Amino acid sequence: MRNLVNKIEELFNSFQNDANAQIEKGNKAAGTRARKASLELEKELKEFRKISLEASRK
């Protein structure tokens, strides 16, 4: 589970950097990367929720 949390942190940092680059500098490529990272982040967060629920049931 720790590995999953680390991966989520990395994805969020990547998303945040790219989103800020789009907002502050108007970087269109960064916006594309931020959208891609948000989709990956969504997938990992769903996996975290699944694992967390299993752990709480034990």
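Residues numbered from 1 in each chain as written. Predicted model: local features only at pLDDT ≥ 70, side-chain atom pairs only at ≥ 80, totals over all residues. Heavy atoms only, no water.

Student: Account for the overall build of the protein, naming residues and giving values.
Tutor: Within the protein one finds two helices and zero strands. Each principal axis of the C-alpha atoms in the protein carries an extent, and together these give about 50 × 15 × 10 Å. Looking at the protein as a whole, 21% of its 58 residues qualify as buried. Of all intrachain contacts in the protein linking residues separated by at least 6 positions in sequence, the fraction that spans at least 24 positions is 55%. Taken as a whole, the protein presents about 4700 Å² of accessible surface, with 51% of it coming from carbon and sulfur. (Helix = DSSP H or I, 4+ residues; strand = E, 2+ residues; numbered from the N terminus. Buried < 20%, exposed > 50% of the residue type's maximum accessible area, 1.4 Å probe, protein only. Contact = heavy atoms within 4.5 Å. Areas by Shrake-Rupley, 256 points an atom, 1.4 Å probe, with all protein chains shown as cover.)

Student: Describe the environment of Glu10, naming the residues involved and giving the relevant values.
Tutor: Locating Glu10 in the fold gives a position in helix 1 (residues 2-25). Judged by relative accessible area, which is 57%, Glu10 ranks as exposed. Sequence separation between Glu10 and Lys58 is 48 residues; the distance between their C-alpha atoms is 28 Å.

Student: Lay out the pattern of salt bridges in plain terms, naming residues and giving numbers.
Tutor: Tallying each qualifying case throughout the model produces three salt bridges. The partner of Glu44 in a salt bridge is Lys7, with the nearest N and O atoms 3.4 Å apart. With Glu44 in helix 2 (residues 28-57) and Lys7 in helix 1, this pair connects stretches of sequence that are 37 residues apart. Residue classification places Glu44 among the buried residues on the basis of a relative accessible area of 9%. The closest approach of N and O atoms between Lys46 and Glu42, which form a salt bridge, is 3.8 Å. Taken together, the residues span about one helical turn, with Lys46 and Glu42 both in helix 2 at a distance of four residues. Glu42 gets classed as partly exposed once you look at its relative accessible area, which sits at 41%. (Salt bridge = Lys/Arg side-chain N within 4 Å of Asp/Glu carboxyl O.)

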